[in-house]
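Single-letter residue listing:
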Amino acid sequence: MTILVTGATGNVGRHVVDLLVRAGADVRATSRNPESLDLPAEVDVRRADLTDRKTFEHALHGVEKVFLYTQPSGTAAVMEAAKDAGVKHAVLLSSAAVAGPDPDHWIARWHRAAENSIEQSGLSWTFVRPGPFAVNSLQWAESVKRGEPVRLLYAHSYLSAIHERDIAEVSACALLQDGHAGARYRITGGDSVTQAEQLALIGQAIGRELAFEDVTGDDARADLRARFAPRIQELVRDGVVDPTDTSEIVETRIRYYEEALEGPAEIDGTVEKVLGKPARTFAEWAADHKADFTN
Ligand SMILES: NC(=O)c1ccc[n+]([C@@H]2O[C@H](COP(=O)([O-])OP(=O)(O)OC[C@H]3O[C@@H](n4cnc5c(N)ncnc54)[C@H](OP(=O)(O)O)[C@@H]3O)[C@@H](O)[C@H]2O)c1
């Protein structure tokens, strides 16, 4: 049985590949830039772009199951190609936002479009819907390494940030075992921690107290506008945001942080139900990523 993993360069995708290889599966990995992949020799590496069905037709030959990244503008065509190639099951890396308190949120719309295409394809599927990733904290690494105070947007907002390895383990389970068809797994990390506490835990892991600046209101808006700028074109192309008013992208995130100040963040038991062990804590993530925060 061949399993195809898209986004093998991604934070989650690279762990999915590793877990499947360790389980002895026959793995094919795709990327738009396969030359950037450094994978074990037994992994069959191909170039494929989810927005271009033709590139996937070549990668899908002989594949039984696929791990997909969300790419709404291409998913319907990729699923058609998958069905034609005889693929049986798709596992989508989606988002908790799809079933969150604000179903009209742009992140929810973006992921829901891909989920809908998969549901309509007639293949069996599993949707993995994580909350915020712990790996988002890597955006602080350069400031930490330079010894500068870290700009934390709404430093005292609570998150139950999930370790990318837990997301990958749940995904790998859904690819390797039966019994996950039709499941929508909302998954979170193992503890509710504010961003300021996350930074303190990174400091503990690297043995240094880390300073931060609490950035809120219009200063946070300016940071978010700069952060999202590279994605806006893609979101407009996919019809997710209105090209004449893209402020929604920033404002929904500000609302999210403001609500999260009230904490604690909800912790979901799904990782434990699926894997038989609790989700990793943020302290475990920080310990695993010490090298990313040191020179
Ligand atoms: N960060 C969060 O807090 C959070 C929370 C919930 C859900 N999510 C969702 O999780 C995903 C991000 O996961 P991640 O951190 O593992 O990703 P990542 O490290 O940012 O990597 C993105 C991956 O997506 C692949 N990709 C992007 N466009 C593609 C295309 N057109 N065709 C094929 N592959 C494409 C890339 O593959 P190549 O570049 O190798 O082609 C890359 O491996 C997003 O869908 C995000 O919305 C994130």
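Residues numbered from 1 in each chain as written. Predicted model: local features only at pLDDT ≥ 70, side-chain atom pairs only at ≥ 80, totals over all residues. Heavy atoms only, no water.

*Asks:* Give a detailed account of the UniProt feature "domain: Ketoreductase" (unreviewed entry) in the protein chain, specifying residues and quantitative values.
*Replies:* The sites that UniProt annotates as "domain: Ketoreductase" (unreviewed entry) are residues 1–143. A distance of 45 Å separates the end C-alpha atoms of residues 1–143, which is 35% helix and 23% strand. (UniProt positions renumbered as here; feature names shortened; annotations may be inferred. Helix = DSSP H or I, 4+ residues; strand = E, 2+ residues; numbered from the N terminus.)

*Asks:* Talk me through the pairing of strand 6 (residues 124–130); I want residue IDs and the actual numbers.
*Replies:* Walk down a regular strand and you will see the side chains alternate between the two sheet faces. Counted residue by residue, strand 6 has six buried out of seven residues, so it is predominantly covered. Sheet topology places strand 5 (residues 89–93) next to strand 6; five bridges connect them, and they run parallel. Across the sheet, residue leucine 93 finds its bridge partner in strand 6, namely valine 128. This β-α-β element, strand 5 to helix 4 (residues 106–121) to strand 6, shows right-handed connectivity. Judged from the four bridges that link them, strand 6 and strand 9 (residues 184–187) form a sheet pairing that is parallel. (Buried < 20%, exposed > 50% of the residue type's maximum accessible area, 1.4 Å probe, protein only. Pairing = 2+ DSSP bridges. Right-handed = clockwise from strand over helix to strand, strands pointing away.)

*Asks:* Account for the nonpolar core, naming residues and giving values.
*Replies:* By size, the foremost hydrophobic cluster in this structure holds 31 residues, and its most contacted members are Val16, Val17, Leu20, Phe67 and Ile187. Elements with a minimum of two residues in this core: strand 1 (2–5), helix 1 (13–22), strand 2 (26–31), strand 5, helix 6 (164–176), strand 9 and helix 10 (270–275). Here valine 16 is in contact with Val5, Phe67, Ala168, Ser171 and Leu175, once residues within four sequence places are set aside. (Core = buried A, V, L, I, M, F, W, Y, C linked by side-chain atoms within 4.5 Å. Contact = heavy atoms within 4.5 Å.)

*Asks:* So, the layout of surface pockets: which residues are in play, and what are the values?
*Replies:* The computed volume of the second largest pocket comes to approximately 470 Å³. Along the wall of the second largest pocket there are 20 residues; nearest its centre are Gly7, Arg32, Leu50, Tyr69 and Gln71. Elements supplying a minimum of two residues to the lining of the second largest pocket: strand 2 and helix 8 (217–237). Ranked by residue count, the leading element in the lining of the second largest pocket is helix 8, at three residues. Taken together, the residues of the lining of the second largest pocket break down into five nonpolar, ten polar and five charged. (1 Å grid on protein atoms, 1.4 Å probe; cavity = no way out; pocket = protein on both sides within 12 Å on 5 of 7 lines; lining within 4 Å. Points joined across faces, edges and corners; volume = space filled by probe spheres on them. Nonpolar A, V, L, I, M, F, W, Y, C, P; charged D, E, K, R; others polar.)

*Asks:* Got a sec to walk through the site of the ligand? Specific residues and values, please.
*Replies:* With respect to spatial proximity, 22 residues lie near the ligand, and among them Thr9, Ser31, Arg32, Leu50 and Tyr69 are the closest. Measuring from an oxygen atom of the ligand, one finds a side-chain N or O atom of threonine 9 at 2.6 Å. Interatomic distance of 3.4 Å between a side-chain N/O atom of glutamine 71 and a nitrogen atom of the ligand. Looking at the shell around the ligand residue by residue, the class counts come to eight nonpolar, twelve polar and two charged. (Near = heavy atom within 4 Å. Polar contact = N/O pair within 3.5 Å; in protein donor to acceptor, adjacent residues only side chain to side chain.)

*Asks:* Describe the packing of helix 1 against helix 6, listing the residues and the values that go with them.
*Replies:* At a closest axis distance of 8 Å, the pairing of helix 1 and helix 6 adopts a crossing angle of 50 degrees. One way to sum up the angle between helix 1 and helix 6 is to call them oblique. Remark: the crossing between helix 1 and helix 6 carries right-handed chirality. When helix 1 is examined against helix 6, the residues His15, Val16, Asp18, Leu19, Leu20 and Arg22 are found in contact with a partner set consisting of Glu164, Arg165, Ala168, Glu169, Ser171, Ala172, Leu175 and Leu176. Taken together, the residues of the contact of helix 1 with helix 6 sort by class into seven nonpolar, two polar and five charged. (Axes fitted to C-alpha atoms, helices over the stretch in contact; angles between N-to-C directions. Parallel < 35°, antiparallel > 145°, perpendicular 65-115°, else oblique. Left-handed = near helix turned anticlockwise from the far one by under 90°.)

*Asks:* Go over the environment of glycine 13, please, and point to the residues and values.
*Replies:* The topology assignment puts glycine 13 in helix 1. The buried category is assigned to glycine 13, whose relative accessible area is 0%. Taking the C-alpha atoms as reference, glycine 13 lies 10.0 Å from alanine 172; in sequence the two are 159 residues apart. Filtering out sequence-adjacent residues up to four positions away, glycine 13 remains in contact with Val5, Gly7, Ala8, Phe67 and Tyr69.

*Asks:* Describe the sheet that holds strand 3 (residues 44–47), with residues and values.
*Replies:* Within a sheet, adjacent strands bond to each other through the backbone by hydrogen bonds, running parallel or antiparallel. Taken in spatial order, the seven strands line up as 3-2-1-4-5-6-9 in an open sheet, and their pairing is parallel. On the outer flanks of this sheet lie strand 3 and strand 9, each paired with one strand and no other. Mean inter-strand twist for the sheet, computed between neighbouring axes without regard to direction, equals 20 degrees. Across four bridges, the pairing between strand 1 and strand 2 is parallel. Paired with valine 5 across the bridge in strand 2 is alanine 29. Each of strand 1, strand 2 and strand 4 (63–69) touches helix 1; the most contacted strand, strand 1, lies at about 165 degrees to it.

*Asks:* Now, about the environment of aspartate 191: what can you tell me, with residues and values included?
*Replies:* Following the sequence through the fold, aspartate 191 ends up in the loop between strand 9 and strand 10 (193–194). The contact partners of aspartate 191, leaving out residues within four places of it in the chain, are Leu159, Ser160, Ala161, Ile267, Thr281 and Phe282. Within the local environment of aspartate 191, its side chain forms a polar contact with the backbone nitrogen of phenylalanine 282, the two atoms lying 3.1 Å apart.

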